[in-house]
Each structure stands twice: as structure tokens, then as C-alpha cells.
Amino acid sequence: MKGFDPVTLATPFFIITVILEIVLARFGALKAQYETKDTAVSLTMGLVSSVAGLLTAGASFAAAMWIYQHRLFTIPMTAIWAWILVFLLEDMTYYWFHRLSHERRFWWAAHVNHHSSQHYNLSTALRQTWTGGLAGTWALWLPLSLIGFPPAMVLIQKGVSLVYQYWIHTEAIRRLPRPIEAVFNTPSHHRVHHARNPRYLDRNYAGILIIWDRMFGTFQPELDEEACRYGLVHNLGTFNIVRVAFHEWIGMAQDIARQPRHILGWLFGAPGWTPDGSRDTSAKLKAEWAARQAATESEREAA
Amino acid sequence: MTRRRGRGQVPRVNSAYLIQLAVSAVAVGLMIGLAAWATRGRGAPPLDEATARRWLADEFPGREVESLWIATDGLGALAKSGDRALILTRVGDGYAARQIDWSKALAARAQDGRVRIALADVTAPKAVLALGVWPPKELAA
Ligand SMILES: [Zn+2]
Ligand SMILES: [Zn+2]
């Protein structure tokens, strides 16, 4: 398994399927919406992200190797039970990484890039951050090496997860059979994750298995009566790639410079947090939405 | 997309990696070109009043639109809602929405029929709207 990297192996598959989705959608054979500048930004983010990832991959792998030398158990890479275990534990780690990346601004600053398209197609999957290494979330996977999973094994499983999550970025697949929707992250579940409708915000953090969202209370099914509107709460007004890649870091720095005594809130508050509550957090948007729902509901009852 | 990682070793930038990267870059160019071809002539139509009102209702739920001005080129709109100005600007085939104080929107000046409004936002620094005469005569102080 020397040099085995699922992402590298899958790259030709990524390219071929994006081409197919564009061409088939053009001839009306499947549902997909592309916009040229949006696609250009997504793909450029992906390409540069793969290079940016190299800069920190060495350091994070070295850290995992160091931790592994102090491991609690020695888990063989050749055992099937070990792969089942790493699959489950890595997927749960991904869930918490992803949840943290949405709920705290410092990590959102790196993850926001993946969500900034108003479109949802296979190219959106490749819209990846350039600053993930900087955000330091790779440290969340270190406990797996402390338990005793070889770092290479963890790395392979992370790659498998990334490749799995590629194909779910599509509107071409509506719903899969019930048992699959019950257990796995699917295009339908992940559309909800990319939606900016208040009731869909901060839901479905799953990597491969949706069971974690069901277990930890963040699951939201896609509803026929509420179509997903994609992107950010406040969508980007520019395709300038530098602004696209770094806007939340810049915004955070500006906030800290203006009100340094609130530095902890600016860094680790929920995205949209302000000392005076003047901006929108997803909790605020959800509450306002629920209040509007309740108002319409009671109006209907009164009528 | 292109990453080289070995078992128990840090990633290496070698000629194989650079070739992969170059091939990926060419593929990216190809996919962008294909998207341009596939969407040719299928861009969003100029913004009309009904579409603008629908966007405003989605973006600013519960806010009443008192007055609405649609850009003559159909690339955006500006609405007055109490002491706030609600602004739509075209991005791709969608819109970005922002709100600022109405007094700031009113203070903006038109040049060659275009009003430049600073939005003080990293992700949407300014709106340039073809609103013709600004501020509108009925509202000018
Ligand atoms: Zn996310
Ligand atoms: Zn996604």
C-alpha cells in the first residue's frame, strides 16, 4: 500500500464526472446548474487547495508519527476489524471536525470556502479551502494515532471519506432507497447541509455515515415543500479569488483590530457573533424563522 | 486534487507530482471552457420587479419594501425599507443582498447614470447600480 492515496487515484474520476454532468445537463438528461465564473472559482479553489495542503501535510503527518510512537495499542493495518474500526472512528472525528468548522468562527474562516457557491453541482465538491492547515483542525485526528492506528491508515481513511463526499454534491440524484438514506450521507442530506434556508442551517455534518447527525441531534431531512437555496447566509458579491479564499480571515482581523477587547468572541464565537448582536448568527436566523412560522400558524388557526 | 503521499513519509514534490498538477490545471481549464459553452445564451435574464421582490422577500424576510428601484441594465436593485436600504447586486446568475443605512444610500451620487454605493463588506465591497438620476427627485432633500 506504499504511496496509496485515494484522492490522487480518484482525480481522473472527478474530471470525467464533472464533464459528464455539464454535458448531460446541457442536453437536459439530468438536473444540474452550472455558471461559468462560479465553476472557475470552485475548480481553482480545488486545484490550489491541493498545493496548499502539501505545505501543512508534512507537519501534520510528522505530528501523527510522533504521537504514534506513544500509542496505547498496536493496531495492525492488515486486520479487517481494524479497518472497520478506523472507518467508524474517523467518520465520527469528521463529524465533530465539521461541526466545529460551522459553529466557531475561527474554523469557519477556513471552511466557509466550501459553502460560498450559490450552486450545488460536482464542481462545488472541489471548492476546497486553502487555509485548512492553518486552522489546525488536523490535530483532531491525532487521538486516532494515540489509540494506535498507524498514521498512514488514518490518512487513507481520510482520503476515502473525501472521495466518498465528492459524488454527493449533485442535484442529479433526488433520493436513494430508504435504507441507504437512513444510514449514509447522500446527495439529499448534503444538499440540506449546503442550503441557506434558516431551517436547514447547521445541519447534516456527516462525512460518510448520517448516523452521527441522528445521534447528536443535528439531522434534518430535505423537505419537498422547502427547496434548498444554496450558499452563505450573506452570499459573496464577488468572484475575486483572493476575497473568496480569505474573506472571513480578513473580516475577523478587521473586527479584532476595531474592538480588541472582544478578541475571544471574534475568534471563537459563532459565525456572525458581535458584542451587540447586530449581525446574523444561524441561531438568530433559526429563531426568527421559527417565530415567523408560529405567527403564520396562529394566523391560520384564527382564520 | 493532486496529492502525493507515501506511507510513513512526508509528501514529496517531484516531477511526477508536477506533471499531475499540470494535467489537473489543463483539465480545470477544459472544464471551465465546457461550462462556458454549455451555459452560453442561458444566463439569468435582466432583473425585473417581480423577481426583485421575490429575492428581497427571501433575503430580508419580514421587511416591508416601501419603494423599489431596478437598475436599467437589470443587474441589481435598491429598495427603501424604513431607515434601511436593501440592495441586490448580480453575481453570476444569482444575486448578493446587503443592507445599509438609508441615509448612506441616499448620500451616494450618480456618475454617468451609475450609483456607486460603498457596502463596507469584504465579500461585497461596493454596489454599482445603473439607477439613472440619484437620489430620486421625490426623495432628494
Ligand atoms: Zn460544511
Ligand atoms: Zn459539501
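Here the structure is a predicted model, which means the values were calculated and not measured.

Novice: Describe the coordination of the zinc ion (ligand 2), with residues and values.
Specialist: Four donors placed tetrahedrally about a metal ideally form angles of 109.5 degrees, and six donors placed octahedrally ideally form angles of 90 or 180 degrees. Residue and element names in this part refer to chain A. Bound to the zinc ion (ligand 2) on the protein side are His-114 (NE2), His-169 (NE2), His-190 (NE2) and His-194 (NE2), at distances that span 2.1 Å. Classification of the site at the zinc ion (ligand 2) as irregular follows from its four donor atoms and the range of 95 to 158° in their angles at the metal. All donors of the zinc ion (ligand 2) belong to a single chain; written as a sequence motif, their spacing is H-x54-H-x20-H-x3-H. The distance between the zinc ion (ligand 2) and the zinc ion (ligand 1) is 5.8 Å. Residue His-169 is found in the loop between α8 (151–167) and α9 (178–183), and its partner His-194 is found in helix α10 (residues 187–194); the two are separated by 25 residues along the sequence. The exposure class of His-169 is buried, given its relative accessible area of 2%.

Novice: Before we move on, can you summarise the sheet that holds strand β6 (residues 114–118) of chain B with the specific residues and values?
Specialist: Strand-to-strand pairing in sheets goes through backbone hydrogen bonds, with the strands running parallel or antiparallel. All names here are of chain B. The three strands are arranged β5-β6-β7 in an open sheet whose pairing can be described as antiparallel. One side of each edge strand has no neighbouring strand; the edge strands of this open sheet are β5 (110–111) and β7 (126–129). For β5 and β6, the ladder comprises two bridges, and the chain directions are antiparallel. Following the sheet pairing, Ala-110 is matched in β6 by Val-115.

Novice: Before we move on, could you go through the interface of chain A and chain B and cite the residues and values that matter?
Specialist: Counting from both sides, the interface comprises 49 residues of chain A and, opposite them, 45 residues of chain B. For the chain A and chain B pair, buried surface summed over both sides reaches about 4,500 Å², with 65% attributable to carbon and sulfur atoms. Looking at the side of chain A facing chain B, the largest losses of area belong to A:Arg26, A:Leu47 and A:Leu54, adding up to 14% of the total buried there. At the boundary of chain A with chain B, the tally comes to one salt bridge. A salt bridge links A:Arg196 to B:Glu59; its shortest N-O distance comes to 2.9 Å. Linking chain A with chain B are nine residue pairs in polar contact (both at pLDDT 80 or more). Of the residues contributing to the side of chain A that touches chain B, the split by class is 24 nonpolar, 17 polar and eight charged.

Novice: I'd like a rundown of the sheet that holds strand β2 (residues 76–81) of chain B, residues and numbers included.
Specialist: Residue and element names in this part refer to chain B. Spatially, β1-β2-β3-β4 is the arrangement adopted by the four strands of the open sheet, whose pairing is antiparallel. A strand with exactly one partner marks an edge of an open sheet, and here the two such strands are β1 (67–70) and β4 (94–101). On average, each strand axis in the sheet is tilted by 15° relative to the strand beside it, whichever way the strands run. Relative to strand β3 (residues 84–91), β2 runs antiparallel, the two sharing six bridges. By the bridge assignment, Lys-80 is partnered in β3 with Ala-85. With respect to the sheet, helix α2 (residues 49–59) is in contact with β1, β2, β3 and β4, its orientation differing from that of β1 by roughly 120°.

Novice: Provide a residue-level description of the coordination of the zinc ion (ligand 1), including the pertinent values.
Specialist: All names here are of chain A. For the zinc ion (ligand 1), the full set of protein donor atoms is His-98 (NE2), His-102 (NE2), His-111 (NE2), His-115 (NE2) and His-193 (NE2), and the range of their distances to it is 2.1 to 2.2 Å. In primary sequence terms, the donor set of the zinc ion (ligand 1) follows H-x3-H-x8-H-x3-H-x77-H. We classify His-115 as buried; its relative accessible area is 3%.

Novice: Now, about the packing of helix α2 (residues 36–68) of chain A against helix α1 (residues 15–38) of chain B: what can you tell me, with residues and values included?
Specialist: Here α2(A) crosses α1(B) at 170°, and the two axes come no closer than 8 Å. One way to sum up the angle between α2(A) and α1(B) is to call them roughly antiparallel. Contacts between α2(A) and α1(B) involve A:Thr36, A:Thr39, A:Ala40, A:Leu43, A:Leu47, A:Ser50, A:Val51 and A:Leu54 on the former and, on the latter, B:Tyr17, B:Leu21, B:Ser24, B:Ala25, B:Val28, B:Met31, B:Ile32, B:Ala35 and B:Ala36. For the contact of α2(A) with α1(B), a count of residues per class yields 13 nonpolar, four polar and no charged.

Novice: How would you sum up α8(A)? Please name residues and give values.
Specialist: Taking 1.5 Å of rise per residue, 17 residues should cover 24 Å, and α8(A) covers 26 Å from first to last C-alpha, within 8% of that figure. For α8(A), the tally of buried residues reaches 12 of 17 residues, placing the bulk of the element in the interior.

Novice: Tell me what's going on with the packing of aromatic side chains, and back it up with residues and numbers.
Specialist: Throughout the structure, instances matching the rule amount to 22 aromatic pairs over all chains. Measuring from ring centre to ring centre gives 5.3 Å for A:Tyr95 and A:Phe216, while their planes differ by 40°; the resulting arrangement is tilted. Within this pair, whereas A:Tyr95 is found in helix α3 (residues 80–103), its partner A:Phe216 is found in helix α11 (residues 211–216), the two being separated by 121 residues in sequence. Relative accessible area serves as the criterion here: at 29%, A:Phe216 is assigned to the partly exposed category. The interplanar angle of 85° and the centroid separation of 5.2 Å between the aromatic rings of A:Phe106 and A:Trp249 together place this pair among those described as edge-to-face. Linking A:Phe106 in helix α4 (residues 105–111) with A:Trp249 in helix α12 (residues 241–258), this pair joins segments that are 143 residues apart in sequence. Within the aromatic cluster, the residues linked to one another by ring pairs are A:Tyr95, A:Trp96, A:Tyr205 and A:Phe216. Directly above the ring of A:Phe219 sits A:Arg214, whose terminal nitrogen or CZ lies 4.1 Å from the centroid. Lying over the aromatic face of B:Trp102, B:Lys80 brings its terminal NZ or CZ to 5.4 Å of the ring centre.

Rules used throughout
- Residues numbered from 1 in each chain as written.
- Chains lettered and ligands numbered in written order.
- Predicted model: local features only at pLDDT ≥ 70, side-chain atom pairs only at ≥ 80, totals over all residues.
- Heavy atoms only, no water.
- Donors = N, O, S within 2.8 Å, 3.2 Å for Na, K, Ca; no water.
- Tetrahedral: all angles 85-135°; square planar, octahedral: opposite > 155°, others 65-115°.
- Helix = DSSP H or I, 4+ residues; strand = E, 2+ residues; numbered from the N terminus.
- Buried < 20%, exposed > 50% of the residue type's maximum accessible area, 1.4 Å probe, protein only.
- Pairing = 2+ DSSP bridges.
- Contact = heavy atoms within 4.5 Å.
- Buried area = accessible area lost by both parts, 1.4 Å probe.
- Salt bridge = Lys/Arg side-chain N within 4 Å of Asp/Glu carboxyl O.
- Polar contact = N/O pair within 3.5 Å; in protein donor to acceptor, adjacent residues only side chain to side chain.
- Nonpolar A, V, L, I, M, F, W, Y, C, P; charged D, E, K, R; others polar.
- Axes fitted to C-alpha atoms, helices over the stretch in contact; angles between N-to-C directions.
- Parallel < 35°, antiparallel > 145°, perpendicular 65-115°, else oblique.
- Expected span 1.5 Å × (residues − 1).
- Phe/Tyr/Trp six-rings, centres within 6.5 Å; stacked < 30°, edge-to-face > 60°.
- Lys NZ or Arg CZ within 6 Å of the ring centre and 35° of its normal.

Keep in mind these values describe shape, not function.
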